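Next come the chains, spelled out residue by residue.
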Amino acid sequence: MSEASATLPEPPPPEAPQQIGRFTVLSTLGRGGMGVVYTAYDPELDRKVALKLVHLSGDPEHLALARERLLHEAQTMAQLSHPNVVAVYEVGSGADQVFLAMEYVRGDSLRVWLQTHRPWREVLAVFLQAGAGLDAAHKAGIVHRDFKPDSGRFSFRTPSSRETPRISSVGG
């Protein structure tokens, strides 16, 4: 494990919600142009999840279209099963927000992973795996539109404990 992954998760800021639907917010995983991703706890299924909270603003018609697009995207992602794509468990909305409850992937972002000098063959192999996840999403009708090193995380779920890149951002 890298030094960066050994650091404690960032606590949610004071203005962050403590609850989103049935989920209890534990920490902040990351922030992006569309919103923020929290580590959260699902008490019904007794598991940790990644909860992407998408902020929406604008007129009511725009909000309705954006929610519809995100719902469709989440439904499509939920049908996708690929070793290099995180699973989507649930989509929900309330007020001016839409959230996606996704599989929690313990590990570093691709950006952090790339900060360590690695042989080019290892980097190529990882990006080919990430590309396979993107290809599977594209074949399911999802075009990411904004894949970047923060759109992927590593998990250690294989029996050999090898790092497996997982696309953890849907849409884009």
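As a starting point, this report considers the structure included with it. Values in this document were obtained by computation on a predicted structure and should not be read as measured data.

Rules and cut-offs
Residues numbered from 1 in each chain as written. Predicted model: local features only at pLDDT ≥ 70, side-chain atom pairs only at ≥ 80, totals over all residues. Heavy atoms only, no water. Helix = DSSP H or I, 4+ residues; strand = E, 2+ residues; numbered from the N terminus. Buried < 20%, exposed > 50% of the residue type's maximum accessible area, 1.4 Å probe, protein only. Contact = heavy atoms within 4.5 Å. Areas by Shrake-Rupley, 256 points an atom, 1.4 Å probe, with all protein chains shown as cover. Pairing = 2+ DSSP bridges. Polar contact = N/O pair within 3.5 Å; in protein donor to acceptor, adjacent residues only side chain to side chain. Phe/Tyr/Trp six-rings, centres within 6.5 Å; stacked < 30°, edge-to-face > 60°. Lys NZ or Arg CZ within 6 Å of the ring centre and 35° of its normal. Core = buried A, V, L, I, M, F, W, Y, C linked by side-chain atoms within 4.5 Å. Salt bridge = Lys/Arg side-chain N within 4 Å of Asp/Glu carboxyl O.

## Some points on the overall build of the chain
Phase 1 of the analysis: Check the secondary structure of the chain and you find 3 helices and 8 strands.
Phase 2 of the analysis: For the chain, the α and β elements follow one another from N to C terminus as β-β-β-β-α-β-β-α-α-β-β.
Phase 3 of the analysis: When burial is assessed residue by residue, the chain has 39% of its 172 residues classed as buried.
Phase 4 of the analysis: Intrachain contacts of the chain at a sequence separation of at least 6 include 51% that bridge at least 24 residues.
Phase 5 of the analysis: Summed over all atoms, the accessible surface of the chain reaches about 9,900 Å², with 54% contributed by carbon and sulfur.

## Some remarks on the pairing of strand 3 (residues 35-42)
Phase 1 of the analysis: For strand 3, a buried count of 6 out of 8 residues is recorded, marking the element as mostly surrounded by other parts of the structure.
Phase 2 of the analysis: Looking at chain direction, strand 2 (residues 23-32) and strand 3 are connected through 7 bridges and run antiparallel. Within strand 3, the position partnered with threonine 28 by the bridge is tyrosine 38.

## Details of the environment of leucine 71
Phase 1 of the analysis: Examined against the element boundaries, leucine 71 turns out to sit in helix 1 (residues 60-79).
Phase 2 of the analysis: Distance in space between the C-alpha atoms of leucine 71 and glutamate 90 is 9.6 Å, their sequence separation being 19 residues.

## Describing the side chain of glutamate 103
Phase 1 of the analysis: In this structure, glutamate 103 sits in strand 6 (residues 97-103).
Phase 2 of the analysis: Separated by 2.9 Å, the side chains of glutamate 103 and arginine 166 make a polar contact.

## A look at the packing of aromatic side chains
Phase 1 of the analysis: According to the stated counting rule, one finds 1 aromatic pair in the structure shown.
Phase 2 of the analysis: If you follow arginine 47 out to its NZ or CZ, it ends over the ring of tyrosine 89, 3.6 Å from the centre.
Phase 3 of the analysis: Against the face of tyrosine 104 rests lysine 48, its NZ or CZ located 5.1 Å from the ring centre.

## Comments concerning the nonpolar core
Phase 1 of the analysis: By size, the foremost hydrophobic cluster in this structure holds 16 residues, and its most contacted members are Met77, Leu80, Val85, Val88, Met102 and Ile167.
Phase 2 of the analysis: Considering each element in turn, this core owes the most residues, 4 residues, to helix 3 (residues 120-139).
Phase 3 of the analysis: Counting residues in hydrophobic clusters, the runner-up holds 12 residues, among them Ala16, Ile20, Val36 and Ala101.

## Brief notes about the pattern of salt bridges
Phase 1 of the analysis: Throughout the structure, instances matching the rule amount to 6 salt bridges.
Phase 2 of the analysis: The salt bridge involving glutamate 122 is made with arginine 118; its shortest N-O contact spans 3.5 Å.
Phase 3 of the analysis: The class for arginine 118 is buried, based on a relative accessible area of 17%.

## Let's talk about unusual backbone geometry
Phi is mostly negative for residues that are not glycine, and the peptide bonds are mostly trans.
Phase 1 of the analysis: Positive phi is not limited to glycine here, since aspartate 46 has a value of about 50°.
Phase 2 of the analysis: Inspection of the secondary structure puts aspartate 46 in the loop between strand 3 and strand 4 (47-55).

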